[in-house]
Amino acid sequence: MVERFFPTKRSSGDINHRRENLTLLSGPISSGKTSLLFQFALNIASASSNNRVVFICHRKRIESNPPFLSQGIDPSSDVFNRIQMKYVDDDEGIRKYFASFHLHHVDDFPNAVIIDDFGDYFSQLNSMMNSRARDMAMVRTLALCHNAIADANRKAFCELVLSATNHGDSPRSLFIYKRWIPKIFTIKGHGDGSFLLTSNGTSEKSAKYSIALQYLILEQIIDDG
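To start, this report covers the structure provided alongside it. (Residues numbered from 1 in each chain as written. Predicted model: local features only at pLDDT ≥ 70, side-chain atom pairs only at ≥ 80, totals over all residues. Heavy atoms only, no water.)

### A short note on the pairing of strand β1 (residues 22–27)
Operational definition: Per-residue accessibility, obtained with a 1.4 Å probe over protein chains only, is compared with the maximum for each type, and a residue is labelled buried under 20%, exposed over 50%, and partly exposed between these values. The way it works is that DSSP assigns letters per residue, a run of H or I at least four long becomes a helix, a run of E at least two long becomes a strand, and they are numbered from the N terminus. One bridge is not enough; two strands pair if DSSP finds at least two bridges between them.
Of all 6 residues that make up β1, 6 are buried, and the element is covered over most of its length. Burial along β1 is two-sided: the residues L22, L24 and S26 and T23, L25 and G27 are all buried. Pairing of β1 with strand β5 (residues 159–165) involves 6 bridges; the strand directions are parallel. Residue pairing across strands places G27 opposite T165, the latter belonging to β5. For β1 and strand β6 (residues 183–189), the ladder comprises 4 bridges, and the chain directions are parallel. In the strand pairing of β6, L24 is matched with I184.

### Quick word on unusual backbone geometry
Located in the positive-phi region is S30, a residue other than glycine, with phi close to 60 degrees. Examined against the element boundaries, S30 turns out to sit in the loop between β1 and α2 (33–47). For S30, a relative accessible area of 65% puts it in the exposed group. Notably, Q214 is not glycine yet its phi reads approximately 60 degrees, a positive angle. Secondary-structure assignment places Q214 in the loop between β8 (206–212) and β9 (215–222).

### What to know about the pattern of salt bridges
Note the following rule: The working definition used for a salt bridge is a side-chain nitrogen of Lys or Arg within 4 Å of a carboxyl oxygen of Asp or Glu.
In total, this model carries 12 salt bridges according to the counting rule given. Between R4 and E159 there is a salt bridge, and its shortest N-O distance comes to 2.8 Å. Taken together, the positions of R4 in the segment before α1 (12–15) and E159 in strand β5 put the pair 155 residues apart, joining distant regions of the chain. Assessed through its relative accessible area of 10%, R4 is described here as buried. Residue class for E159 comes out buried when judged on its relative accessible area of 1%. Across the pair K208 and D192 runs a salt bridge, and its minimum N-O distance is 3.8 Å. Of the two residues, K208 sits in strand β8 while D192 sits in the loop between β6 and β7 (194–199), which places them 16 residues apart along the sequence. Taken together, the salt bridges that share partners define one network made up of R61, D117 and D120.

### Describing the nonpolar core
The following threshold applies: In this text, buried Ala, Val, Leu, Ile, Met, Phe, Trp, Tyr and Cys residues form a nonpolar core when linked through side-chain atoms within 4.5 Å. The contact criterion used throughout is that any non-hydrogen atoms of two residues lie within 4.5 Å.
Core analysis: the largest hydrophobic core is formed by 33 residues, its most contacted members being F98 and F101. Elements with a minimum of two residues in this core: β1, β2 (53–57), α4 (91–99), β4 (112–115), α5 (120–123), α6 (131–152), β5 and α7 (174–180). Broken down by element, the residue count for this core peaks at 8 residues, all from α6. The residues contacting F98, other than those within four sequence positions of it, are V113, I115, L144, C145, A148, I149 and L160. Judged by nonpolar contacts, the second largest core, of 30 residues, contains A41, F55, L69 and I114.

### Quick word on the packing of α4 against α6
What counts, and what does not: To define axes, lines are fitted to C-alpha atoms, for helices over the stretch in contact only, and angles between the resulting N-to-C directions are given on a 0 to 180 degree scale. Each angle gets one of four labels, with under 35 degrees taken as roughly parallel, over 145 as roughly antiparallel, 65 to 115 as roughly perpendicular, and the rest as oblique. Each crossing is labelled by how the near helix is turned from the far one, with a counterclockwise turn of less than a right angle marking it left-handed and a clockwise turn marking it right-handed.
Packing of α4 against α6 brings their axes to within 9 Å, and their N-to-C directions diverge by 25 degrees. In this view, α4 runs roughly parallel relative to α6, as classed from their interaxial angle. As for the relative orientation of α4 and α6, their crossing is left-handed in sense. Across the interface between the two elements, D91, I94, R95, F98 and A99 from α4 touch A137, T141, L144, C145, A148 and I149 from α6.

### Observations concerning α4
An α-helix turns once every 3.6 residues. As a result, residues three or four positions apart point the same way. Stated formally: Comment: arc refers to directions from the helix axis out to C-beta atoms.
Inspection of α4 places D91, I94, R95, Y97 and F98 among the buried residues, and these make up the whole buried set. Projected onto a plane normal to the axis of α4, the buried residues spread over an arc of 160 degrees and lie on a single side.

### As for the side chain of D117
Looking at where D117 falls in the secondary structure, it is placed in the loop between β4 and α5. Every residue in contact with D117, bar those within four places of it in the chain, is listed here: R61, S163, A164 and T165.

### Structural notes on α6
What counts is decided by this rule: A helix's residues, less one, multiplied by 1.5 Å, set its expected span.
For α6, spanning 22 residues, the distance from its first C-alpha to its last is 31 Å, which sits close to the expected 32 Å at 1.5 Å a residue. Among all positions in α6, only R134, D135, A137, M138, T141, L142, A143, C145, A148, I149 and A152 are buried. Those residues of α6 that are buried lie in contact with β1, α4, α5, β5 and α7.

Geometric values such as these leave the question of function open.
Rendered as C-alpha cells:
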C-alpha cells in the first residue's frame, strides 16, 4: 500500500490489511527514497508507543543528505526516539546484524527493520570482485535477512523494507531481489519534477509526490483499481 510511505490517515481496514514481511522500494537517484523510508518508519513508530523501528544506513550519507519530512511533522516529537539509527559501513555489517537477530527477546523485536540503499553496500565491492561474486554476496545477505525475518515472525510481527537505486528501467539486480522479496514498489519520474510510486500488486493505488522546499509532499493518491 503506497499510503504507508506518506503521513496519511489509515482506516481500521487499512490497519488490518495483510502485509508482506519483505518489501523493496526501487527508484532512480534523487527520487526521495530515503525520505519515503523515513516516513514509513515514522508511521510505524507513531502507531503505538510500544512500536520500535531500526533504520540501517551509512552515517556520512544520512548526515550529508538527511531525509525530508512531510509538512506538519514536529521534528522534536518523542516518536523519533522510537526509531533507532544503526550505522553500517559495509555488507558484512548487515550480515552480522541479522546473524544475531534471533537473540532478540520476543518483546525486543523491532516492528520493522529498514535498510536505506541496500544495493549500494554491494556496489562498493566493484573494485574488489567480479559481478558474479558481487551478486553472490547479495544473495547470501538477502537469504540471511529473509530467514531472520521469517524466524522473527514466528514470535512477533516484524517486517524488512529495503531501498535500491536503479539507473534505468529497473535495478541491475532486480532478478535477485524478486527471488527473496514479494512486494516491490517502483518510483518513476512523472514530469514537472514529481514522481509516481507504484506497486507490483494488482488493483493497488499509486501515489504522485514531489520533494519541494525541503519537504516530502504527497500530491495525489491514484486509484488504479
